[in-house]
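# Inside the fold
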Amino acid sequence: MTVLVFLDPAYENGRVADASKPQLMATDQGATRGDGIFESMLAVDGTPRKISAHLARLAASAETMDLVIPPADAWERAAATAIAEHPPARELVAKLLVTRGVEGAGSPTAWVQASVPGPSGRRQRESGIDVLLLDRGYDSTVAERAPWLLLGAKTLSYAVNMAALRYARKHGADDVIFTSSDGLVLEGPTSTVLTATVREGTRTLTTPLLESGVLPGTSQGALFSTAADAGWQLGYGPLVPQDLFGADAVWLVSSIRLMAPVRSIDGRKIPVSRELTDELTELLVKGSRE
C-alpha cells in the first residue's frame, strides 16, 4: 500500500489522495522534464529518522534549483499524516517530492509518499553487495566550474543513476561506485561511499570529498556525528580506487538500506567485517535519532 499526502495550503496537515488513481498532471514539469527534487527517509515505529537533516538537504537542493518549496513545518505535518494513514509497519519509507509544477502555473507540486521498503535493502545490508566502478564522465572539479550540472542537489533526474544500476545488474553486480574522469572515487547512484581502516590501533572512517561533486549524505553525517565519540578518526578523502581495495571494509550507506557492506569491486573480493558493520550501524542508528 502507498499513501499520498499533497501539501495543499487549504489543508493544514496535508491532503490525503488516492494512490490508486492518477494524481499528477501530465504537463507537470516533474513528469515532462524531471524538474524537481526529493528526499527519502526511513520511519521506524512511526518516527521519521533524520528528518531535520533531510529537510535541510531538501532546502539546499531547492536553493540550487531556484525552486520555491513549502516550509519545513508543512513537510513535517504532511509526513506525519502520511505515516499515520499507512497501516502499521515496523519500517516505512517516507519520500518527500516537489516539482516545478504545471508549466506556466508558477507554483510547485509537493507531496509525501509513504510505503513499505522493498526486501532488497535488508537483504543487501545482511549479505553484502558486489559493485562495479563506473566512470561518471566528469572530472572532480566540474561541480565548481559548472554548477548548472546540479551535482550537489538531489534532483528527480535519476535516469543516469538508474541506467548505471541496470548496467551493473546486466554484468552480474548489485550496485555501482562512480569515479571521476580524473580518477577519484565519488558516490553510488543512491548512496554514499564509506571506508574503514584500522592501523596500529587507529580506526579511521573516510568518505569522498564533497567538493568533488557528491551529494552530502545524511546517513554519513549521522554516523560521523556519533563515531568520533566512539573513538573513530574521521576523514573526507580524497579517495582513489586503490584506497577501496586497501581498506579493511567498504560500505555503501543510505537512509533506507543503511550500511550495505561491499564484498567485491569489479569482481575482485575485498574484506567484509560483520563486526565493524554491526558497530557502525548501531552508531548510525544512534546518530539518526539525535
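Model, not experiment: these values are computed from the prediction.

### Details of empty space enclosed by the protein
All told, the structure shown has two cavities of 30 Å³ or more when counted by the stated rule. Its boundaries defined by the atoms lining it, the largest cavity holds a volume of some 60 Å³. Lining the largest cavity are L42, R49, K50, H54, S219, S254, S255, L258, L284, V285 and S288. The dominant element in the lining of the largest cavity, judged by the number of residues it contributes, is helix α9 (residues 274–289), at three residues.

### Focus: the pairing of strand β3 (residues 36–44)
Here β3 lies mainly inside the structure; nine of its nine residues are buried. On β3, burial covers both faces: G36, F38, S40, L42 and V44 on one face and I37, E39, M41 and A43 on the other are all buried. Relative to strand β5 (residues 91–99), β3 is paired through nine bridges, and the arrangement is antiparallel. Looking at the pairing, F38 lines up with L97 of β5.

### Details of the packing of helix α2 (residues 51–64) against helix α3 (residues 72–85)
Viewed as axis vectors pointing N to C, α2 and α3 meet at an angle of 130°, and their least axial separation amounts to 11 Å. Between α2 and α3, the crossing angle belongs to the class labelled oblique. Read as a crossing pair, α2 and α3 show a hand that is right-handed. Contact residues: α2 offers I51, L55 and L58, while α3 offers A72, W75 and E76. Residue classes in the contact of α2 with α3 are distributed as five nonpolar, no polar and one charged.

### Points about the environment of E12
Here E12 lies in the loop between β1 (2–6) and β2 (15–17). Expressed as a C-alpha distance, the spacing of E12 and D229, which sit 217 residues apart in the sequence, is 40 Å.

### Some points on a nonpolar patch on the surface
A cluster of nonpolar side chains, namely Y138, W148 and L149, defines an oily patch on the protein surface of about 330 Å² accessible area. Its location among the elements puts Y138 in the loop between β7 (129–135) and α5 (142–145). Taking relative accessible area as the criterion, Y138 reaches 31% and is therefore assigned partly exposed.

### Points about the sheet that holds β2
Taken in spatial order, the six strands make up an open sheet running β2-β1-β6-β5-β3-β4, and their pairing is antiparallel. Looking at the sheet topology across the chains shown, the edges are occupied by β2 and β4 (47–48). Relative to β4, β3 runs antiparallel, the two being bridged by two bridges. Counted as the bridge partner of A43 is P48 from β4. Strands in contact with α3 are β1, β2, β3, β4, β5 and β6 (109–115); relative to β6, the strand with the most contacts, it is inclined by about 35°.

### Considerations on the layout of surface pockets
What the second largest pocket holds in volume is close to 340 Å³. Mapped onto the lining of the second largest pocket, the elements with two or more residues apiece are α3 and β6. With three residues, α3 is the largest single contributor of residues to the lining of the second largest pocket. The class makeup of the residues in the lining of the second largest pocket is 13 nonpolar, four polar and five charged.

### Considering the packing of helix α7 (residues 218–227) against α9
Where α7 contacts α9, the axes come no closer than 7 Å and their chain directions differ by 100°. Considering their axes alone, α7 and α9 lie roughly perpendicular with respect to each other. The segment α7 lies against α9, with S219, A222, L223, S225, T226 and A227 engaging L280, L283, L284, K286, G287 and S288. Taken together, the residues of the contact of α7 with α9 sort by class into six nonpolar, five polar and one charged.

Cut-offs and rules
Residues numbered from 1 in each chain as written. Predicted model: local features only at pLDDT ≥ 70, side-chain atom pairs only at ≥ 80, totals over all residues. Heavy atoms only, no water. 1 Å grid on protein atoms, 1.4 Å probe; cavity = no way out; pocket = protein on both sides within 12 Å on 5 of 7 lines; lining within 4 Å. Points joined across faces, edges and corners; volume = space filled by probe spheres on them. Helix = DSSP H or I, 4+ residues; strand = E, 2+ residues; numbered from the N terminus. Buried < 20%, exposed > 50% of the residue type's maximum accessible area, 1.4 Å probe, protein only. Pairing = 2+ DSSP bridges. Axes fitted to C-alpha atoms, helices over the stretch in contact; angles between N-to-C directions. Parallel < 35°, antiparallel > 145°, perpendicular 65-115°, else oblique. Left-handed = near helix turned anticlockwise from the far one by under 90°. Contact = heavy atoms within 4.5 Å. Nonpolar A, V, L, I, M, F, W, Y, C, P; charged D, E, K, R; others polar. Patch = residues over 30% accessible without salt bridge, like charges linked within 9 Å, V, L, I, M, F, W, Y side chains within 5 Å. Areas by Shrake-Rupley, 256 points an atom, 1.4 Å probe, with all protein chains shown as cover. Salt bridge = Lys/Arg side-chain N within 4 Å of Asp/Glu carboxyl O.

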